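Residue strings, one per chain:
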Amino acid sequence: MTQRQRKYLTTPIYYPSGEPHLGHAYTTILADVLARFYRQDGVDVYFLTGTDEHGQKMQDEADRRGIAPLELCDLMAARFGAAWERLEISHDRFIRTTEAEHIAVVQAFLTRLWERGEIYEGAYTGWYCVHEERYWTEKDLGPGGACPDCGRPTQHVEEKNYFFRMGRYQDALIEHIQSNPDWIVPDMRRNEVLGFLRKPLGDLSISRPKTRLTWGITLPFDSDHVAYVWVDALINYLTASGTIDPTAPAGQQGFGDVTGSWWPADLHVMGKDILTTHAVYWPTLLMGAGLPLPRQILSHGWWVAGETKMSKSLGNVVDPLALRERFGTDAVRWYLLREMPTGSDASYTPERFLARYDELANVLGNLASRVIAMIEKYRQGVVPGAPGTSLDARIAATMGSVRESMEAYRVHDALAAAMELAREANGWVEERQPWAQAKDAGAAADLDETLATLARALVTLAALFQPVAPAKMAELCTRLGLDRVPTLAESGSLAIAGRRVTKGAPLFPKIETAGVA
Ligand code: MSP
């Protein structure tokens with residue numbers, strides 16, 4: 001028997017210093033749609049998300065609220081968990097960097113680097129942006145000493161730090177990127193990283209003295225320092241993979257052999273803001289520890305409001321849960337993934353949201369209602385059996401193009417193709433005029449053909465939309481007399497004839513459009 005294919009995919013772990021917003025929801029839903037697509041295809045998926053709980057930003061927010069950092073983390077990690085549940089995120093593991101297991105893995109990882117001579121002690125003089133939790137050199141800074149990424153003021157720091165010899169891996173990393181053209185997707189982002197690597201790559205500060213920050217993981221070789229939050233955070237992917245056993249004796253902790261664990265990750269999904277940390281810091285740290293690199297990195301664009309990135313501190317965030325209250329989870333998921341071309345920026349507007357919602361209601365929802373209603377009316381609710389028609393060829397072709405787009409992470413194209421099939425099926429109804437066929441005693445076989453084909457189209461559409469609209473597609477399948485949503489492979493050959501359909505309320509009800517924000 002061939003081994004089942006396995007895929008390990010991750011989202012960033014979010015700073016739980018504020019509520020999850022539309023940007024966080026997008027990344028998580030994008031990864032979730034991929035996870036559901038793979039599972040539906042029979043792949044054994046391990047899907048990880050979580051929260052990044054240490055660092056200056058969390059410490060400052062806890063101070064501002066007058067609570068202990070861990071109290072803030074507990075409170076907010078639960079908020080993220082609840083949001084993901086409402087948005088039907090199907091993660092297998094929610095990691096928190098304050099977990100004992102993670103702390104032990106970070107310490108084992110740093111001990112490993114220390115013992116291999118990858119870390120040295122030095123003095124750091126430069127600038128720090130608390131919001132991005134990033135170190136910058138003088139030449140990186142924007143006008144007035146601002147953070148080049150977010151434009152906020154930076155802090156001058158002069159402190160004893162430990163450094164990881166990142167610079168020594170520059171050539172190896174460039175070589176890796178050049179010989180694996182698909183390692184960073186899309187191409188535009190890959191070129192950005194290669195551009196960044198044209199400048200000499202410095203070493204990476206990996207610690208902060210406890211005199212400045214105590215909210216972090218203590219370094220195993222100097223208890224007066226904590227690990228730099230980005231190093232701590234990136235290692236979460238390894239912790240959750242179950243590769244490292246920090247309780248085992250040195251040499252047997254899993255740094256040499258990853259078989260039997262989930263490492264290496266198949267796909268890290270993240271926004272373009274944190275591409276460098278994932279495509280430069282993380283792989284070089286792994287090289288330093290002697291571990292294989294993740295197989296692929298998918299970096300998407302930003303949800304913007306006007307010209308600026310949506311972010312809590314700019315006060316321009318959209319609450320995905322408020323949208324969900326109004327339109328339902330599946331509509332939010334559909335909007336986010338259909339509207340943003342994977343990789344580019346997109347702007348949230350209520351008008352676009354409504355336009356996308358209308359597609360669900362008027363094209364997909366309408367097709368489902370009318371087909372089920374006609375099977376009830378003309379065939380006593382039982383799907384007739386009949387040979388294929390021209391629409392069947394379109395069904396098969398759409399399955400192929402959806403798969404191709406999903407495999408290239410062009411999720412928006414995959415969803416557009418699926419919706420196009422629903423639109424064509426509606427057009428085909430008009431062409432075939434089943435209501436006229438029903439009136440014509442000689443056209444019984446034609447009517448069977450029409451209804452059977454449309455039922456097959458609905459089954460395929462349920463499979464195609466299932467990753468993005470899991471709840472509604474489960475509901476649609478129930479109405480089609482199926483006990484679950486078929487896989488893509490099954491959907492093409494499923495025997496739908498003879499199933500009993502049931503009418504129901506519209507899958508995507510018409511919405512009062514006034515006051516959508
Ligand atoms: N904690 C780090 C990540 C560590 S991963 C080892 C962090 N957290 S964050 O809370 O700031 O989340 C950043 C991620 O959230 C982005 O990379 C992106 O995936 C998502 N987004 C946050 N704002 C976004 C938009 N406005 N638009 C799209 N995605 C956005 O960075």
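Predicted model, so just to flag it, every value in this text is computed and none were measured.

Help me understand the overall build of the protein in this model?
Along its length, the protein carries 18 helices and 16 strands. For the protein, the C-alpha atoms occupy an extent of roughly 90 × 55 × 40 Å along the three principal directions. Buried positions account for 58% of the 517 residues belonging to the protein. Summarising the internal contacts of the protein: among those between residues at least 6 apart in sequence, 76% fall at separations of at least 24. About 20,700 Å² of surface is accessible on the protein, with carbon and sulfur atoms providing 50% of the total. Across the protein, 54 positive and 65 negative side-chain charges occur, with their mean positions spaced 3 Å apart.

I would appreciate a short explanation of the nonpolar core in the present structure.
In this structure, Leu-336 and Leu-337 are the most contacted members of the largest nonpolar core, which totals 99 residues. The element that contributes the greatest number of residues to this core is helix H12 (residues 350-379), accounting for 14 residues. Counting only domains with at least three residues in this core, you end up with domain 1 (6-300) and domain 2 (328-491). Filtering out sequence-adjacent residues up to four positions away, Leu-337 remains in contact with Tyr-26, Ile-29, Leu-30, Val-33, Val-411, His-412, Leu-415 and Val-468. Val-193, Leu-197, Val-229 and Trp-282 belong to the second largest nonpolar core, which has 68 residues in total.

Explain the packing of aromatic side chains to me, please; I cannot follow it from the model alone.
The geometry of two aromatic rings is summed up by the distance between their centres and the angle between their planes. Enumeration according to the criterion identifies 29 aromatic pairs in this entry. Here Phe-80 and Trp-84 contribute two aromatic rings whose centre-to-centre distance is 5.9 Å and whose plane-to-plane angle is 75°, an arrangement assigned as edge-to-face. Here Trp-84 and Phe-80 lie together in helix H3 (residues 69-86), a separation of four residues that amounts to about one turn. Each member of the pair, Phe-80 as well as Trp-84, is classed as buried. With a centroid separation of 6.3 Å and an interplanar angle of 35°, the aromatic rings of Tyr-124 and Phe-163 are classed as tilted. One end of the pair, Tyr-124, is in strand E4 (residues 119-129); the other, Phe-163, is in strand E6 (residues 155-164), and 39 residues separate them in sequence. Of the two residues, Tyr-124 and Phe-163, both sit in the buried class. Three or more aromatic residues link up through ring pairs in this structure, and these residues are Tyr-8, Tyr-46, Phe-109, Tyr-237, Phe-255, Trp-262, Trp-263 and Trp-282. The residue whose ring lies beneath Arg-208 is Tyr-128, and the NZ or CZ to ring-centre distance is 4.3 Å. When the ring centre of Phe-508 is taken as reference, the NZ or CZ atom of Lys-472 above it lies at 5.5 Å.

Hey, could you run me through the domain arrangement of the protein in this one?
Note on interface size: it is often stated as the accessible area lost on association of the parts. For the protein, the domain assignment lists domain 1 (6-300) and domain 2 (328-491). Using only C-alpha atoms to locate each centre, domain 1 and domain 2 end up separated by 40 Å. Counting the surface lost from both domain 1 and domain 2, the interface buries some 2,300 Å², and carbon and sulfur atoms represent 68% of this. By the criterion of area lost to domain 2, the three top residues of domain 1 are Tyr-26, Phe-37 and Gln-40, representing 30% of everything that side buries. Counting every contact that joins domain 1 to domain 2 gives three salt bridges.

I would appreciate a short explanation of the sheet that holds strand E15 (residues 308-309) in the present structure.
The strands making up a sheet associate through hydrogen bonds between their backbones, and the pairing can be parallel or antiparallel. Here we have three strands laid out as an open sheet, ordered E15-E14-E16, and mixed in their pairing. Each end of this open sheet is capped by a strand with a single partner; those strands are E15 and strand E16 (346-347). Relative to E15, strand E14 (residues 303-305) runs antiparallel, the two being bridged by two bridges. Looking at E15, one finds that Ala-305 is bridged to Thr-308.

How each quantity is defined
Counting from 1, residues in each chain are numbered in the order their sequence is written. Per-residue local features are limited, in this predicted model, to residues with pLDDT of at least 70; the limit for side-chain atom pairs, both in listing and counting, is 80 or more; totals at the level of whole chains, interfaces and linings are taken over all residues. Based on all heavy atoms of the structure, the side-chain values leave hydrogens and waters out of the count. In DSSP terms, a helix is any run of H or I states spanning at least four residues, a strand is any run of E spanning at least two, and both are numbered starting from the N terminus. Three exposure classes are used, based on accessible area relative to the maximum for each residue type with a 1.4 Å probe and protein chains only: buried under 20%, partly exposed in between, and exposed over 50%. By definition, residues are in contact when any of their heavy atoms lie within 4.5 Å. Computed with the Shrake-Rupley method and a 1.4 Å probe, the accessible areas treat only the protein chains shown as cover for residues. A residue counts as positive if it is Lys or Arg and as negative if it is Asp or Glu; His and the chain ends are not included. Where a charge lies is defined by one atom per residue type, namely NZ (Lys), CZ (Arg), CG (Asp) and CD (Glu). What makes a nonpolar core is a set of buried Ala, Val, Leu, Ile, Met, Phe, Trp, Tyr and Cys residues whose side-chain atoms join them at distances within 4.5 Å. For the domain bounds, the source is a domain assignment made automatically or taken from a database. Each aromatic pair joins two rings of Phe, Tyr and Trp (for Trp, the six-membered one) with centres within 6.5 Å, and gets the label stacked for planes under 30 degrees apart, edge-to-face for over 60, and tilted for any other angle. Two thresholds decide whether a charge sits over a ring: the Lys NZ or Arg CZ must be within 6 Å of the ring centre and within 35 degrees of the ring normal. Buried surface area refers to the total accessible area, computed with a probe of radius 1.4 Å, that the two partners give up upon joining, counted for both partners together. By definition here, a salt bridge exists when the distance from a side-chain nitrogen of Lys or Arg to a carboxyl oxygen of Asp or Glu is within 4 Å. Note on pairing: DSSP must find at least two bridges between two strands before they are called paired.

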